[in-house]
Amino acid sequence: MTNGTQASPRVVALVGPYSSGKTTLLENILFMTDTTRRRANGERVFADDGVEAKALSMGVDINVAEAGYLGDRYIFIDCPGSIELMQEMRNAAYAVDVAIVVTEPEPDKLQALSPLLHELEAGGIPHLLFINKIDHSNVHIRDLARSLDEVSVLPSVLRHVPIREDGKINGFVDLASRRAYRYGVDGSREITETAASYIEQVADERFQMMERLADFHDDLMEELLEDIDPGTEEIFQDLGADLCAGNIMPVLMGSALNSYGLRRLMKVLRHEMPDFSLACNRLMPPKSEDKVAYVLKTKYLPHMGKVSFARVLKGTVKDGDQVGDSKISGLFKISGPELKKIGQANAGDIVAIARLGGAAAGDTLGGTGAQKPEHLHAVYAQALEVHDRKDEARLSEALTKLIEEDPSFELEHREDTGQLLLWGQGEIHMRTARARLVDKYGVGVAFSFPRVPYKETIRRSKLQHTRYKKQSGGHGQFGDVVIEVKPRGLGQGFEFEENIHGGSVPKQYIQSVEAGVKEYLKQGPLGFPVVDVAVTLKDGQCHNVDSSDMAFKTAGRMAMADALPGCEPVLLEPIEHVRVMAPSIHMAKINGMITSRRGQIMGFDARAGWPGWDLIDAQMPASEMQDLIIELRSVTQGTGTFEHEFDHLNELGGKLKEKVLDGHVVARRT
Ligand code: GDP
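Residues numbered from 1 in each chain as written. Predicted model: local features only at pLDDT ≥ 70, side-chain atom pairs only at ≥ 80, totals over all residues. Heavy atoms only, no water.

**A short note on the overall build of the protein chain**
Looking only at helices and strands, the protein chain features 18 helices and 34 strands. The dimensions of the protein chain, computed from C-alpha atoms along their principal axes, are 110 × 55 × 45 Å. In the protein chain, which comprises 670 residues, the share counted as buried stands at 55%. Within the protein chain, counting contacts between residues at least 6 apart in sequence, those at least 24 apart form 73% of the total. In the form shown here, the protein chain has an accessible surface area of approximately 29,000 Å², with 48% of it arising from carbon and sulfur atoms. Here the protein chain contributes 77 positively and 97 negatively charged side chains, and the mean placements of these two sets differ by 7 Å. (Helix = DSSP H or I, 4+ residues; strand = E, 2+ residues; numbered from the N terminus. Buried < 20%, exposed > 50% of the residue type's maximum accessible area, 1.4 Å probe, protein only. Contact = heavy atoms within 4.5 Å. Areas by Shrake-Rupley, 256 points an atom, 1.4 Å probe, with all protein chains shown as cover. Lys, Arg positive; Asp, Glu negative; His and termini not counted. Charge placed at Lys NZ, Arg CZ, Asp CG, Glu CD.)

**Some thoughts on the sheet that holds strand E21 (residues 364-368)**
Backbone-to-backbone hydrogen bonds join strands into a sheet, with any given pair of strands oriented parallel or antiparallel. Spatially, E18-E17-E20-E13-E12-E21 is the arrangement adopted by the six strands of the open sheet, whose pairing is antiparallel. Bordering the open sheet on either side are strand E18 (338-341) and E21, each of which pairs with just one other strand. Ignoring strand direction, the axes of neighbouring strands in this sheet form an average angle of 40 degrees. Of the strand pairs in this sheet, strand E17 (residues 331-335) and E18 are connected by four bridges, and their pairing is antiparallel. Note that in E18 the partner of phenylalanine 332 across the bridge is lysine 341. (Pairing = 2+ DSSP bridges. Axes fitted to C-alpha atoms, helices over the stretch in contact; angles between N-to-C directions.)

**Structural notes on the sheet that holds strand E30 (residues 533-541)**
Here we have four strands laid out as an open sheet, ordered E27-E28-E30-E29, and mixed in their pairing. Across the chains shown, the open sheet's two edge strands, defined by having one partner strand only, are strand E27 (462-470) and strand E29 (495-498). On average, each strand axis in the sheet is tilted by 25 degrees relative to the strand beside it, whichever way the strands run. Strands strand E28 (477-487), E29 and E30 of the sheet are contacted by helix H14 (residues 507-521), whose axis makes an angle of about 155 degrees with E29. Across the sheet, helix H15 (residues 549-563) lies against E27, E28 and E30, angled at about 40 degrees from E28, the strand it touches most.

**Notes on the pattern of salt bridges**
Charged atoms that come close allow side chains of opposite charge to pair. Throughout the structure, instances matching the rule amount to 46 salt bridges. For the salt bridge of aspartate 321 with lysine 291, the shortest nitrogen-to-oxygen distance reads 3.2 Å. Of this pair, aspartate 321 sits in the loop between strand E14 (317-318) and strand E15 (322-323) while lysine 291 sits in strand E12 (residues 287-301); the two residues are 30 residues apart in sequence, bridging distant segments of the chain. What makes lysine 291 partly exposed here is its relative accessible area of 24%. Through salt bridges with shared partners, a single network forms among Asp61, Glu88, Lys297, Lys299, Glu405, Arg436 and Lys440. (Salt bridge = Lys/Arg side-chain N within 4 Å of Asp/Glu carboxyl O.)

**What to know about the site of the ligand**
The full set close to the ligand counts 15 residues, and Ser19, Lys22, Thr23, Thr24 and Ser255 are the nearest of them. Measuring from an oxygen atom of the ligand, one finds a backbone N or O atom of serine 19 at 2.7 Å. Here an oxygen atom of the ligand sits 2.9 Å away from a polar atom, N or O, in the main chain of glycine 21. In isolation the ligand exposes 580 Å². Once the protein is present, 77% of that is buried. Within the shell around the ligand, the residues separate by chemical class into four nonpolar, seven polar and four charged. (Near = heavy atom within 4 Å. Polar contact = N/O pair within 3.5 Å; in protein donor to acceptor, adjacent residues only side chain to side chain. Nonpolar A, V, L, I, M, F, W, Y, C, P; charged D, E, K, R; others polar.)

**What to know about the nonpolar core**
Formed by 57 residues in total, the largest nonpolar core has its most connected members in Ile77 and Leu296. A per-element tally of this core places helix H6 (residues 141-151) first, with five residues. Counting residues domain by domain, this core receives three or more from each of domain 1 (10-279) and domain 2 (294-335 + 346-374). Ignoring sequence-local partners within four residues, the contact set of leucine 296 consists of Ile62, Ile77, Asn91, Ala92, Ala95, Phe309, Ala310, Arg311, Ile350 and Ala361. Counting 35 residues, the second-largest nonpolar core is a separate cluster that includes Leu399, Val443, Val580 and Ile616. (Core = buried A, V, L, I, M, F, W, Y, C linked by side-chain atoms within 4.5 Å. Domains from an automatic or database assignment.)

**Topic: the confidence of the model for the protein chain**
Per-residue pLDDT for the protein chain averages 91, and the proportion of residues at 70 or more is 94%. Here residues 1-6 scores under 50 on pLDDT; set against residues more than four positions off or in separate chains, the count is 19 contacts. Counted against residues more than four places away or in other chains, residues 665-670, with its pLDDT under 50, gives three contacts. (pLDDT = per-residue confidence, 0-100.)

**With respect to helix H5 (residues 114-122)**
Within H5, seven of the nine residues are buried, which leaves it mostly tucked inside the rest of the structure. Inspection of H5 places Ser114, Pro115, Leu116, Leu117, His118, Glu119 and Leu120 among the buried residues, and these make up the whole buried set. Positive phi appears at glycine 124, one or two residues downstream of H5, with a value of about 70 degrees.

**So, a negative patch on the surface**
On the surface, a cluster of negative charge is contributed by Asp218, Asp219, Glu222 and Glu226. Along the chain, aspartate 218 falls in helix H8 (residues 218-225). Overall, aspartate 218 belongs to the exposed group, its relative accessible area being 60%. (Patch = residues over 30% accessible without salt bridge, like charges linked within 9 Å, V, L, I, M, F, W, Y side chains within 5 Å.)

**Considerations on the domain arrangement of the protein chain**
Buried accessible area, meaning the area lost when the parts come together, often serves as the stated size of an interface. Each assigned domain of the protein chain is listed with its residue range as follows: domain 1 (10-279), domain 2 (294-335 + 346-374), domain 3 (380-448), domain 4 (460-567) and domain 5 (574-661). Relative to domain 4, the C-alpha centre of domain 2 lies at a distance of 58 Å.

**Considering the packing of aromatic side chains**
All chains considered together, the criterion is met by nine aromatic pairs. Aromatic rings pair up to connect Phe172, Tyr181, Tyr183 and Tyr260 into one cluster. Between the NZ or CZ atom of lysine 401 and the centre of the ring of tyrosine 300, over which it lies, the distance is 5.1 Å. (Phe/Tyr/Trp six-rings, centres within 6.5 Å; stacked < 30°, edge-to-face > 60°. Lys NZ or Arg CZ within 6 Å of the ring centre and 35° of its normal.)

**Examining the packing of helix H1 (residues 22-32) against helix H10 (residues 262-272)**
Relative orientation of the contacting elements H1 and H10 amounts to 85 degrees, with a least axis distance of 11 Å. Here H10 runs roughly perpendicular to H1, going by the angle between their axes. Note on element contacts: H10 touches H1 through Leu262, Arg263, Leu265 and Met266, opposite Leu25, Asn28, Ile29 and Met32. Of the residues contributing to the contact of H1 with H10, the split by class is six nonpolar, one polar and one charged. (Parallel < 35°, antiparallel > 145°, perpendicular 65-115°, else oblique.)

**So, the side chain of histidine 586**
Among the secondary structure elements, histidine 586 is positioned in the loop between strand E31 (569-583) and helix H16 (587-596). According to the relative accessible area criterion, histidine 586 is buried, its value standing at 6%. When neighbours within four sequence positions are excluded, histidine 586 is seen to be in contact with Gln111, Val635, Thr636, Gln637 and Thr639.

Written out as structure tokens, the structure is:
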């Protein structure tokens, strides 16, 4: 908690779903604290004018701004709301002292908070909830607070009771102080007498609030049991201590647009939010040097190159200093899109650092063994292909930057399909990648759904004699082999043996035959890589002059090409093991979705540590999973997610097989 005089700025994240009002809240806090001028209608103080934001018509980056309030410095970090940009929020929220979760007041919007609240809880980040847009809401705040308990891991503690007049909320009673306030323009409030009609409700809600706090305070519990009123001071103290300890989630309300409740919010921050030491404990590496900084964001700006936003954890950092292995070449205060050069930054500050080589978002400089925010599981992939091969090097350079900026992207080079895959969090996330790669870095690259890595195998054995003979003046080519091809069990892989007697194929050529066989396996009779076959070289013939490595390799490949079409080739499709996680209320729809995607449900359980959530184990063909996350989010109000890994290959027959083979032949011809 604050003593009101500390030098470190107090760092606050604004998080919440898209359009809940985070940016409006920040803008009006800045206005209220005289940091910025009043914005004109529709004008944004901090418009995100990066190419990504323009391409998506929404902010995709964090926005950092500083304000002074009653002698303290506050740095606000406004985080993007989309669940697909959660990594950006995760990296930033890890560095803050407290997070304000902004939500719209409709109960059906609360579901969307669930992943976010778990995220903050798991990261040990104290957070409070600001129920926004109460100016146009008919919702009963108490019902809302109750349903919050279904989505929040921490007990939520309602701090106000709204006052309504003519059906509109126009003020509130603070439950700790029992004072009533009427909302004024621009965040000012006026103390009013508690309306007689509210006295009973206030007493009731206040008691409920104290009961929740009493779970963490024996003194308060005793007072409640003995019917003693603890008094305002004690309640404020307990509220602050419990926010800092991560025991509770205080719930405030207001209207960002009309500046309702903003002063109360700032006062709560001033008196109750944790000081820098809590974040410092979370972030400080076990072995630290004199100067330590945590990088919460990396971005590449057109005129400056690489810029890292960092929170200084220890020491005073100056331009030119070395922090860990990195040298500081330019230090800036961040004010929305503007960077203002400064000479030094102290512990607790958030600053921008130019050209911090080697450091990516989530890294801690100046120490070893620091915890790092985990990377989100990738759930959506696109194949990348440059329009012009000359652009390959530029693509790879741009991808390195992309992943440095956003570590929830991953690259995969798939040998079996020959494609380069970019994995990420969904369509919006992929659109940010496209905006960066194409619009920002100017690489001509096409995005498409990845090819499914089908395979094939055989069901029947065959003995095959093939001779490769070529006479074209000078040296000829001669290789003669007898091979036996046999199917192997699912997942047993490829095996090559030789059973040559009397040197009919000389030892040095045996591996050439194997090489030829392997080469053929890259594309079998159906057009896919062949798996799970055993090949035995049983006999053959050699020519003193014309035989060579190359001739036997060709003979091996040709023998396979002759044999396999007669071995009853079958198509195999990859099946993934999927764990789908979502709030329990959506499970019926998810079951239906899994079945309609040819999935097989293997098990069902409560999701550990996530009250109100379930987990379904299933197996599902990879071909059905490419857009799974899109449907999953649409049936779960954006909350559902999944993890997946390859499980096994399964024979695919009938019409689906024909479809794959048709598509594949067409694909190969073009
Ligand atoms: P963000 O995506 O969370 O940053 O949301 P914005 O701050 O951009 O707000 C989304 C929309 O909600 C904008 O049109 C705001 O004007 C509007 N808005 C924000 N706060 C309030 C509020 O308190 N009341 C009302 N009625 N609208 C609001």
